[in-house]
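What the coordinates show
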Amino acid sequence: MTDSLALLLVPGLPFFGFLLLSIVGKRYFPKQSGMVGTLLMFATCAIAVITVYNYFFVTGKSVDGVYQHIHAYKYVWLPFTDTLSIDMGAMMDPISMLMIVVVTFVSLMVHIYSLGYMKGEERFAIYYSYLGLFTFSMLGLVLATNIFQIYIFWELVGVSSFLLIGYYFDKPSAVAASKKAFIVTRFADAGFLIGILTLSYYTGTMDFDLMIQKLTMPGAELTAITTAGFLGISALTWGLLLVFMGGAGKSAMFPLHIWLPDAMEGPTPVSALIHAATMVVAGVYLVGRLFPIFAMSCPVALDVVAYIGVFSSMFAAVVACTQTDIKRVLAYSTMSQIGYMMFALGVSGYGENGLGFTASFFHLFTHAMFKALLFLGAGAVIHYVHSNDMKDMGGLRKHMPVTHIVFLIACLAISGFPGFAGFFSKEEILTAAHESNPVIYWCALATAGLTAFYMFRLYFSIFWGKTYHAHKKDDHHADDHAHHGEAPWSMKIPLIILAILSVASGWISFGSFVSSDGSPMHTEFHLSAAALPVGLAFVAIAIALLMYGKANTMPSRIATTARGLYRGALNKFYIDEIYMFITKRILFGFFGPIAAWIDKNIVDGIVNFLGMASENISDTLRLMQNGKVQNYAVYVFSGLLGFVILMVFLWR
């Protein structure tokens, strides 16, 4: 199979599944829809893995050992000039190949898991069709050859996530969450579009390779975009920051993060797919795709990426320490870990100094495994307990032995415990930060400690702490537990596979495959550098064990002592309330009445004036249309007479 055919099938099969299941799935094979979607996704994943293997080990390297950018196919869709056009194509390079493996594999795990988790849902076929649409959109995004193609699929990802978050459309909170996610990311995407137009205007192209070439090498385009500016900031900086704005919205970076916790209203497997491994890392992928421009031509924009990333990471980690909804804890954990990836890019150089770039995508890869495992494990717990609240849990290790073990593995991985996947990727990120920016390094180190604490707070609260008893109001759930046990095997198998990869994925020599310039990045493990974060993680886990290993009053006493900080973190530092104040009180309360007055008195006034003028003119003309033939004859005769007189004077 050729690369071009393979990369047509990789996004094409999920799209075919979307069309098939959405049009005829519910009517003709409602119960088999999940299996149809899963088989198509299995084929997609298999083709993706074979294609990636061929790229990395057969066709991808040039003679000098550098991985090439290969256009598997390219179709000129809308040509504007000789160099400026909107194309549809598929690009093969290390980060696009990495992403198609992550997207297809995690999507396959979610498809299999959903066979058990979503069984019995009335809209079962529609659910799987939405999964197919999302997977198609995400694959189109990561394979894009030009910046406008990525924007088209960027918006498709937004639409499909809106559909999945709002899957339970009869639930008001789910509808509100889907609208919130869609609206917030639309503001970010408006900035993204302006950034695209800025960069393409000065370079005369939308193709990634040409754009990077023109904006990293001396020439007329680079001179023009760096000398032009607004408010003392160059057009290049504005363009890159606006592109990053789109990425920050999709990746839930502060202050555009407010949609992510509410998006947990969707089905839990959706959270594992969208909010752990794929859509939320699209911003990291976008910065990585344009990284040569950031690093070589606009380090100021890269500094902004770094500081927003590290602040988002710390902010989310603090909030996660106080949340009691297990999915919201994982949502803030996701925001924190993506912040890690962002600031790793921000502190990175290019070429030999590109450790941060490699570490960022290494962490993206390992995080996809253990965070998908955490979400799917949380789904198994919710499936058993019928509640999202940690207060309704505790002592579940004896009732859910498989889930308990895999969840523990995921918690150790995300905490950076030695030997687990997260340890290797986090160690590289911290090393890159230590070499580049001490302030970011110490902030990242503190965040690593908080991560270990809140994850084991979650683990001990679910599986230890107290003896589990079903709620009195939910006593009938005891019969459910006896009937389906811990979880069906369709849910356990993905958990076990992801648990294995949460350990094994860290042992890959990742720098040999992914680097900022395509050359192998040789990284070394330094025990002295790893000692401090590992020691901090051990201390944080010990504190979590002391506070939550057994039921006690220590958490409530600490919350009372640090009441201000605790309440602020519990209420997410009132960011949502600030947004509501700005929109309701200022935009709608102050500017709204002004805009309404202008609309009513000026806009409507002009329209009404034109209407009245037309009416008066028509009333005047109506007097001439009275139905009397004699009057019409007079008008005709008068016109002819006037015409004759005019001709006589003109011929004269």
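**Let's talk about the overall build of the chain**
Each helix and strand in the chain was counted, giving 26 helices and four strands. A burial count over the chain gives 54% of its 652 residues as buried. In the chain, 78% of the contacts between residues at least 6 apart in sequence involve partners at least 24 apart. Counting 37 positive and 36 negative side-chain charges, the chain places the centres of these two groups 11 Å from one another.

**Details of the confidence of the model for the chain**
Per-residue pLDDT for the chain averages 89, and the proportion of residues at 70 or more is 97%. For the chain, helix α20 (residues 477–484) is the element with the lowest average pLDDT, namely 47, and helix α14 (residues 299–320) is the one with the highest, namely 95. This stretch, residues 472–479, has a pLDDT under 50; its non-local contacts, to residues over four places away or in other chains, come to three contacts.

**Brief notes about helix α5 (residues 147–165)**
Taking 1.5 Å of rise per residue, the 19 residues of α5 would be expected to cover 27 Å, and the 27 Å separating its terminal C-alpha atoms lies within 8% of that figure. A large share of α5 lies buried, amounting to 14 of its 19 residues. The opening residue of α5 is N146, an N-cap whose side-chain oxygen sits 3.1 Å from the backbone nitrogen of F148.

**Section: the packing of helix α12 (residues 282–289) against helix α15 (residues 326–346)**
Packing of α12 against α15 brings their axes to within 10 Å, and their N-to-C directions diverge by 10°. It follows that α12 is roughly parallel to α15 by the angle criterion. Taken together, the residues of α15 that come into contact with α12 (itself represented by G283, V284, V287 and G288) are I338, M341, M342 and L345. Classifying every residue of the contact of α12 with α15 by side-chain character gives six nonpolar, two polar and no charged.

**Describing the pattern of salt bridges**
Working definition: two side chains of opposite charge can pair if their charged atoms are close together. Enumeration over the complete set of coordinates arrives at 10 salt bridges. For the salt bridge of K74 with D87, the shortest nitrogen-to-oxygen distance reads 3.5 Å. Of the two residues, K74 is situated in strand β1 (residues 70–79) and D87 in strand β2 (residues 85–92); the sequence distance between them amounts to 13 residues. Salt bridges linked by common partners bring E155, R186, D189 and K250 together as one network.

**Concerning the side chain of D262**
Its location among the elements puts D262 in helix α10 (residues 259–262). Filtering out sequence-adjacent residues up to four positions away, D262 remains in contact with A177, K180 and R328.

**Topic: the packing of aromatic side chains**
Tallied over the full model, the rule gives 41 aromatic pairs. Note on Y127 and Y128: the rings are 5.4 Å apart at their centroids and 90° apart in plane angle, and the pair reads as edge-to-face. Y128 shares its class with Y127; the two are buried. In textbook terms, an aromatic cluster arises when at least three aromatic residues are bridged by ring pairs, as seen for Y53, Y55, F56, F57, Y67 and F513. Note that R289 overlies the ring of F208, its terminal NZ or CZ placed 5.7 Å from the centroid. The side chain of K426 reaches across the aromatic face of Y340, ending 5.3 Å from its centre.

**Quick notes on empty space enclosed by the protein**
Counted according to the given criterion, the structure contains three cavities of 30 Å³ or more. Counted as a void, the largest cavity has a volume near 100 Å³. The wall of the largest cavity is formed by S415, G416, F423, K426, E427, L430, A448, A530, P533, V534 and A537. Going through the elements one at a time, α18 (421–436) and α22 (527–548) are the ones with two or more residues in the lining of the largest cavity. Taken together, the residues of the lining of the largest cavity sort by class into seven nonpolar, two polar and two charged. Here the second largest cavity is characterised by a volume of approximately 50 Å³. In terms of lining, the second largest cavity is formed by L13, P14, G17, F18, L21, G37, L40, M41, H111, Y128 and G132. For the lining of the second largest cavity, the elements supplying multiple residues, two or more each, are α1 (3–28), α2 (33–59) and α4 (124–142). The biggest single contributor to the lining of the second largest cavity is α1, with five residues.

**So, the pairing of β2**
Of all eight residues in β2, seven are buried; the element is thus mostly enclosed. The sheet contact formed by β1 and β2 spans eight bridges and is antiparallel. Across the sheet, L78 pairs through a bridge with I86, a residue of β2. Hairpin connection, β1 to β2: the antiparallel pair is bridged by five residues.

**Section: the packing of helix α11 (residues 268–277) against helix α16 (residues 355–385)**
Packed helices, taken two at a time, are described by the angle between their axes plus the distance between the axes. Between α11 and α16, whose axes approach to 9 Å, the crossing angle comes to 160°. Relative to α16, α11 is oriented roughly antiparallel. Judged by the sense of rotation from one axis to the other, the crossing of α11 with α16 is right-handed. On the side of α11, the interface is formed by T268, P269, S271, A272, H275, A276 and A277, while α16 contributes H367, A368, K371, A372, F375, L376, G379 and I382. Across the contact of α11 with α16, the residue classes tally to nine nonpolar, five polar and one charged.

**Looking at the environment of L355**
Within the element layout of this structure, L355 appears in helix α16. Given the relative accessible area of 14%, L355 is considered buried. Taking the C-alpha atoms as reference, L355 lies 8.9 Å from L345; in sequence the two are 10 residues apart.

**Some points on the layout of surface pockets**
In this structure, the largest pocket occupies an estimated 910 Å³ of space. Contributing to the lining of the largest pocket are 34 residues, with C321, R457, M547, Y548 and P555 lying nearest its centre. A breakdown of the residues in the lining of the largest pocket according to their chemical character gives 21 nonpolar, nine polar and four charged.

**Some points on unusual backbone geometry**
With an omega dihedral of 5°, the bond running from F254 to P255 counts as a cis peptide bond. Tracing the chain through its elements places P255 in the loop between α9 (235–250) and α10. We note that L231 has phi near 60°; this positive angle belongs to a residue other than glycine. Relative to the elements of secondary structure, L231 occurs in the loop between β3 (229–230) and β4 (233–234). The class of L231 is exposed, set by a relative accessible area of 68%. A positive phi angle, near 55°, is found at F573, a position not held by glycine. In this fold, F573 is placed in the loop between α24 (563–570) and α25 (575–622).

**With respect to the side chain of T431**
Note that T431 resides in helix α18. In this structure T431 comes out as buried when scored by relative accessible area, which is 14%. Apart from residues no more than four positions distant in its own chain, T431 is found in contact with L355 and A529.

Analysis parameters
Residues numbered from 1 in each chain as written. Predicted model: local features only at pLDDT ≥ 70, side-chain atom pairs only at ≥ 80, totals over all residues. Heavy atoms only, no water. Helix = DSSP H or I, 4+ residues; strand = E, 2+ residues; numbered from the N terminus. Buried < 20%, exposed > 50% of the residue type's maximum accessible area, 1.4 Å probe, protein only. Contact = heavy atoms within 4.5 Å. Lys, Arg positive; Asp, Glu negative; His and termini not counted. Charge placed at Lys NZ, Arg CZ, Asp CG, Glu CD. pLDDT = per-residue confidence, 0-100. Expected span 1.5 Å × (residues − 1). Polar contact = N/O pair within 3.5 Å; in protein donor to acceptor, adjacent residues only side chain to side chain. Axes fitted to C-alpha atoms, helices over the stretch in contact; angles between N-to-C directions. Parallel < 35°, antiparallel > 145°, perpendicular 65-115°, else oblique. Nonpolar A, V, L, I, M, F, W, Y, C, P; charged D, E, K, R; others polar. Salt bridge = Lys/Arg side-chain N within 4 Å of Asp/Glu carboxyl O. Phe/Tyr/Trp six-rings, centres within 6.5 Å; stacked < 30°, edge-to-face > 60°. Lys NZ or Arg CZ within 6 Å of the ring centre and 35° of its normal. 1 Å grid on protein atoms, 1.4 Å probe; cavity = no way out; pocket = protein on both sides within 12 Å on 5 of 7 lines; lining within 4 Å. Points joined across faces, edges and corners; volume = space filled by probe spheres on them. Pairing = 2+ DSSP bridges. Left-handed = near helix turned anticlockwise from the far one by under 90°.

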